[in-house]
Amino acid sequence: MSVMLLIEQALNGLQYGVMLFLMAAGLTLVFGVMGLINLAHGSLFMVGAFACAAVAGATGSFWLGLAASLAAAAAAGALVELTVIRRLYARDHLDQVLATFALILVFSEGTRWLFGSFPLYLDIPDALAGPVTLPGGIDYPLYRLVLIGIGLAIAGALFWLIGRTRLGIRIRAGEADREMIAALGVDISKLYTIVFALGAALAGLAGALVGALQSVQVGMGEPVLILAFVVIVIGGIGSIKGALVGAILVGLTDTLGRFLLPILFSTFMETSAATSVGAALASMLIYILMAGVLVVRPGGLYGRA
Amino acid sequence: MGREGVLNWVVALALLAVPLAAHALDEPFIVTLATKVAILALAGVGLNIALGLGGMVSLGHAAFFGIGGYAMAVLAAPVQAYEPLMTWPVELPGTKSMPVIWLAATLAGGLAALAIGALSLRTSGVYFIMITLAFGQMLYYFAISWPAYGGEDGISIYVRNGFPGLNTLDPIQFCALAYGVLMAALLFSRMLARSCFGLALSGARQNPARSAALGIRPYSVKLTAFVISGAITGLAGALFADLNRFVSPAMLSWQTSGEIMVFVILGGVARLFGPVAGAALFILLEHLLGGVSDYWKLFLGLALLGIVLFARGGLIGTLAGREVAHD
């Protein structure tokens, strides 16, 4: 096993982690502020990817597609919030789960209706194609490096938004005491729509960015959604910092586990058995991590519980 | 007998009358649909014990359903390959006998629920939903990547397993068997809800602090209910696998968890016959809408949204009125 391969896998894990963060940030904000569990967050990820693939396919510009993904996901988020989600804030989690499960069916089948069952493909823009040579002589795809950069930049922007701006103050106040800030004259329902649309836009952006690495297809959002749940359970629900730490932890654990476990097992097993046992165990690793965190800290790493 | 009681009898008799009539008219497909309703309703009865009685919103019941299915395949597959189930420490043959398979599936479902529940019940509320979902997903990926039991392709069982005295390959006889198991589970569920344990569970759901003050540990009571719930859903999984003569990781997928939950909520949470009415309505919608459009799930989604937003209490709740006396 070479060190270079290990560094490359670690970078892959980091890239995976920051993309998970974009998903988890929206989920954790929506839960923290509105107390809503949103299973349809993965559908917004898919909406972003499809919007990007469709616009990029029609215009030939990935960047226009990226803008379209943000706009489409934010618009879909705002629309869903105004028509459905708004009625669910006062309901219990069970109703929220069922209604957002129904939304997944509507989004998935609606997308299948519009775009058909075949996956779409999204090309990496020419300017970002190809590898770059990192210090130490490692060739690494430029696009993935850019994804890490974008993810970390958005994390920074989000910390600034929540911590330093008037909107952020209102969001934090909404988390702490929604009746009180409504009494102070803040239009709470408008605030909720903005937060939901913001989370949706982040999910849509993640969908578009990841869409260029894999195929864009119906159902692509749900596996990511479940991983984002794992992330916010590890990080602590409602905490942006927890979402970032949890996402990078999950990204690194999953990627490095898939790389290292088969190698580890092959030191004392036959290669074929080691590969299958290692792969099976690697696929469970992040859930084992989650269980471990829960045993030590049931409220997550940065949770208030 | 109140309106709900009458409604329960109507649902129970309809689920018996439809396959009998279909059998008389020589429509085996409808008999099979009714069998599917009975088996899926059984999975819902299991979930309803956790969800309705215990207030535990588990989005990971596909784990137990799938484990039940795999228990059936693991026991039955060696028989069709003429191999022993295991050779060490003792040589043990596989089995094609349903009662043995059911026992194994129930035990396996219950044990899995014990492990998952013991960890998940350390948390509550939205954490619990996400964690049960994540554990379900963990088993799903395990089943896909573990090659010994078919991996992604699953396992086919060529001949349906046998039950003493019955020909299970005959659709109406298998349907009667599934119906019998469902009724037994409903009876058990009713007795459970009215027992001391059921009352303790209700207390733990409504006010954990007060039950603790009365000397009832909410954690133990809830965990026991979760194990019973997982065991019943595991049994349903074994029957479902026998109906299709096939198991695959799809049984463990989170969509399955969502669908089992939909049966319960569609019919009415904490209503005894809620899962039966819900599963029947779901299969009916699937069958009717599926014939009209390939995109029937779109309409199912819209129908579900309408039910959650405007018809709270599900089918039984809407028809029988009056909320069950709790909360």
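- The name recorded for chain B in an unreviewed UniProt entry is Amino acid/amide ABC transporter membrane protein 2 (HAAT family), from Rhodovulum marinum.
- In its Subcellular location (unreviewed entry) section, UniProt records this for chain B: "Cell membrane".

- Labelled according to an unreviewed UniProt entry, chain A appears under the name Amino acid/amide ABC transporter membrane protein 1 (HAAT family), originating from Rhodovulum marinum.
- Check the Sequence similarities (unreviewed entry) section of the UniProt entry for chain A; it says "Belongs to the binding-protein-dependent transport system permease family. LivHM subfamily."
- As stated in UniProt under Subcellular location (unreviewed entry), the record for chain A gives "Cell membrane".

1. A word on the overall build of chain B
Part 1 of the reasoning: Check the secondary structure of chain B and you find 13 helices and four strands.
Part 2 of the reasoning: For 327 residues, the compact-globule estimate of 2.2 N^0.38 gives 20 Å, and chain B sits close to it at 20 Å.
Part 3 of the reasoning: By principal-axis analysis of the C-alpha atoms, chain B measures approximately 55 × 50 × 40 Å.
Part 4 of the reasoning: In chain B, buried positions account for 53% of the 327 residues.
Part 5 of the reasoning: In chain B, of all internal contacts separated by at least 6 residues, the share reaching a separation of at least 24 is 75%.

2. Considering the UniProt feature "transmembrane region" (unreviewed entry) in chain B
Residue and element names in this part refer to chain B.
Part 1 of the reasoning: Following the UniProt record, the feature "transmembrane region" (unreviewed entry) maps to residues 34-55, 62-80, 100-119, 126-149, 169-188, 219-240, 260-285 and 297-320 here.
Part 2 of the reasoning: Structurally, residues 34-55 comprises 91% helix and 0% strand, and the distance from its first C-alpha atom to its last is 29 Å.
Part 3 of the reasoning: Secondary structure within residues 297-320 divides into 88% helix and 0% strand; the distance between the first and last C-alpha atoms comes to 28 Å.

3. A closer look at the nonpolar core
Part 1 of the reasoning: With 214 residues, the main nonpolar core has Val230(A), Leu42(B) and Ala134(B) as its most contacted residues.
Part 2 of the reasoning: Here Leu42(B) is in contact with Val181(B), Leu182(B), Ala185(B), Ile232(B), Leu235(B), Ala236(B) and Leu239(B), once residues within four sequence places are set aside.

4. Quick notes on the interface of chain A and chain B
Part 1 of the reasoning: Between chain A and chain B, the residue contacts involve 35 residues of the former and 37 residues of the latter.
Part 2 of the reasoning: If you list the elements that add at least two residues to the side of chain A that touches chain B, you get helix 4 (93-115), helix 9 (221-235) and helix 11 (271-296) of chain A.
Part 3 of the reasoning: Considering each element in turn, the side of chain A that touches chain B owes the most residues, 15 residues, to helix 4 of chain A.
Part 4 of the reasoning: Classifying every residue of the side of chain A that touches chain B by side-chain character gives 26 nonpolar, four polar and five charged.

5. Notes on the UniProt feature "transmembrane region" (unreviewed entry) in chain A
Residues and elements named next belong to chain A.
Part 1 of the reasoning: Here the UniProt-annotated "transmembrane region" (unreviewed entry) positions come out as residues 14-37, 44-64, 70-89, 101-122, 142-162, 191-213, 225-252 and 273-296.
Part 2 of the reasoning: In this annotation, residues 44-64 is assigned 90% helix and 0% strand; the end-to-end C-alpha distance for the span is 18 Å.
Part 3 of the reasoning: Segment residues 70-89 splits into 70% helix and 0% strand. End C-alpha atoms: 25 Å apart.

6. Quick word on the packing of helix 9 of chain A against helix 10 (residues 240-265) of chain A
Describing two packed helices takes the angle between their axes plus the distance from one axis to the other.
Residue and element names in this part refer to chain A.
Part 1 of the reasoning: Put simply, helix 9 and helix 10 touch, their axes get as near as 8 Å, and they point 120° apart. The orientation of helix 9 relative to helix 10 falls into the category oblique. Handedness of the helix 9/helix 10 crossing: right-handed. Between helix 9 and helix 10, the residues in contact are Leu227, Val230, Val231, Ile232, Ile234 and Gly235 and Gly242, Ala243, Val245, Gly246, Ala247, Leu249 and Val250, respectively.
Part 2 of the reasoning: A class-by-class count of the residues in the contact of helix 9 with helix 10 yields ten nonpolar, three polar and no charged.

7. Some details on helix 3 (residues 62-80) of chain B
Part 1 of the reasoning: With 19 residues, helix 3 of chain B should cover 27 Å at 1.5 Å per step; its first-to-last C-alpha distance of 26 Å lies within 8% of that length.
Part 2 of the reasoning: Where helix 3 of chain B terminates, the next one or two residues include Tyr82(B), which has phi positive at roughly 55°.

8. What to know about the confidence of the model for chain A
Part 1 of the reasoning: Residues with a pLDDT of 70 or more make up 99% of chain A, whose mean pLDDT is 90.
Part 2 of the reasoning: Between the elements of chain A, mean pLDDT differs from a low of 84, seen in strand 1 (residues 131-134) of chain A, to a high of 95, seen in helix 3 (residues 62-83) of chain A.

9. Points about the pairing of strand 1 of chain A
Residue and element names in this part refer to chain A.
Part 1 of the reasoning: Where strand 1 meets strand 2 (residues 138-141), four bridges bridge the pair, whose relative direction is antiparallel. Of the residues in strand 2, the one forming a bridge with Val132 is Tyr140.
Part 2 of the reasoning: Adjacent in sequence and paired antiparallel, strand 1 and strand 2 are bridged by three residues, among which Gly136 carries a positive phi angle near 100°.

10. Looking at the confidence of the model for chain B
Residues and elements named next belong to chain B.
Part 1 of the reasoning: When the pLDDT values of chain B are averaged, the result is 90; 98% of them are 70 or greater.
Part 2 of the reasoning: Confidence, read as mean pLDDT per element, is least for strand 1 (residues 84-86) in chain B (80) and greatest for helix 9 (residues 218-244) (96).
Part 3 of the reasoning: Interface predicted TM-score (ipTM) for the complex: 0.86; the corresponding pTM is 0.89.

11. Description of helix 11 of chain A
Part 1 of the reasoning: For helix 11 of chain A, built from 26 residues, the straight-helix expectation of 38 Å at 1.5 Å per residue is met to within 8% by its first-to-last C-alpha distance of 35 Å.
Part 2 of the reasoning: At Leu285(A), helix 11 of chain A shows its strongest bend, of approximately 45°.
Part 3 of the reasoning: When we look at burial in helix 11 of chain A, the residues that qualify are Gly278(A), Ala282(A), Ser283(A), Ile286(A), Tyr287(A), Met290(A), Ala291(A) and Val293(A).
Part 4 of the reasoning: Packed against the buried residues of helix 11 of chain A are helix 9 and helix 10 of chain A together with helix 4 (98-120) and helix 5 (125-145) of chain B.

12. Things to note about the packing of helix 3 of chain B against helix 9 of chain B
All names here are of chain B.
Part 1 of the reasoning: Put simply, helix 3 and helix 9 touch, their axes get as near as 6 Å, and they point 50° apart. On the basis of their axis angle, the class for helix 3 and helix 9 is oblique. Seen from above, helix 3 lies across helix 9 with right-handed handedness. Side by side, helix 3 and helix 9 meet where Phe64, Phe65, Gly66, Ile67, Gly68, Gly69, Ala71, Met72 and Ala73 of the first sit next to Gly230, Thr233, Gly234, Leu235, Ala236, Gly237, Ala238, Phe240, Ala241 and Asp242 of the second.
Part 2 of the reasoning: Across the contact of helix 3 with helix 9, the residue classes break down as eleven nonpolar, seven polar and one charged.

About the cut-offs
Throughout this document, residue positions are counted from 1 along each chain, in the order its sequence is written. For this description, chains carry letters from A and ligands carry numbers from 1, given in the order in which they are written. Given that the model is predicted, a residue must reach a pLDDT of at least 70 before its local features are reported, and side-chain atom pairs must reach 80 or more before they are shown or counted; all residues, however, enter totals for whole chains, interfaces and linings. UniProt positions are given in the numbering used here, feature names are shortened, and annotations may be inferred rather than shown by experiment. Secondary structure elements follow DSSP: runs of H or I of four or more residues count as helices, runs of E of two or more count as strands, with numbering from the N terminus. This radius of gyration counts C-alpha atoms alone. The globule rule is 2.2 Å times how many residues there are, raised to the power 0.38. Neighbour counting defines burial: a residue surrounded by 20 or more other C-beta atoms within 10 Å of its own C-beta is buried, one with 12 or fewer is exposed, and intermediate counts give partly exposed, using backbone-placed C-beta atoms. Distance between backbone-placed C-beta atoms decides contact: two residues are in contact if it is within 7 Å. What we call a nonpolar core is a set of buried Ala, Val, Leu, Ile, Met, Phe, Trp, Tyr and Cys residues whose membership is set by joining through C-beta atoms within 7 Å. Classification used: nonpolar for Ala, Val, Leu, Ile, Met, Phe, Trp, Tyr, Cys and Pro, charged for Asp, Glu, Lys and Arg, polar for all others including Gly. Angles here are taken between N-to-C directions and fall from 0 to 180 degrees, while the axes themselves are lines fitted to C-alpha atoms, restricted in helices to the stretch in contact. If an angle is under 35 degrees, it is roughly parallel; if it is over 145, roughly antiparallel; if it lies from 65 to 115, roughly perpendicular; otherwise it is oblique. Here a crossing is taken to be left-handed if its near helix is turned anticlockwise relative to the far helix by less than a right angle, and right-handed if that turn runs clockwise. Expected helix span is taken as 1.5 Å per residue step, with the number of steps being one fewer than the number of residues. One confidence number per residue, pLDDT, is output by the predictor and ranges from 0 to 100. Think of it this way: DSSP has to see at least two bridges between two strands before they count as a pair. Think of it this way: the bend at a residue is just the angle between two axes, each fitted to seven residues, one set ending at that residue and the other starting at it.

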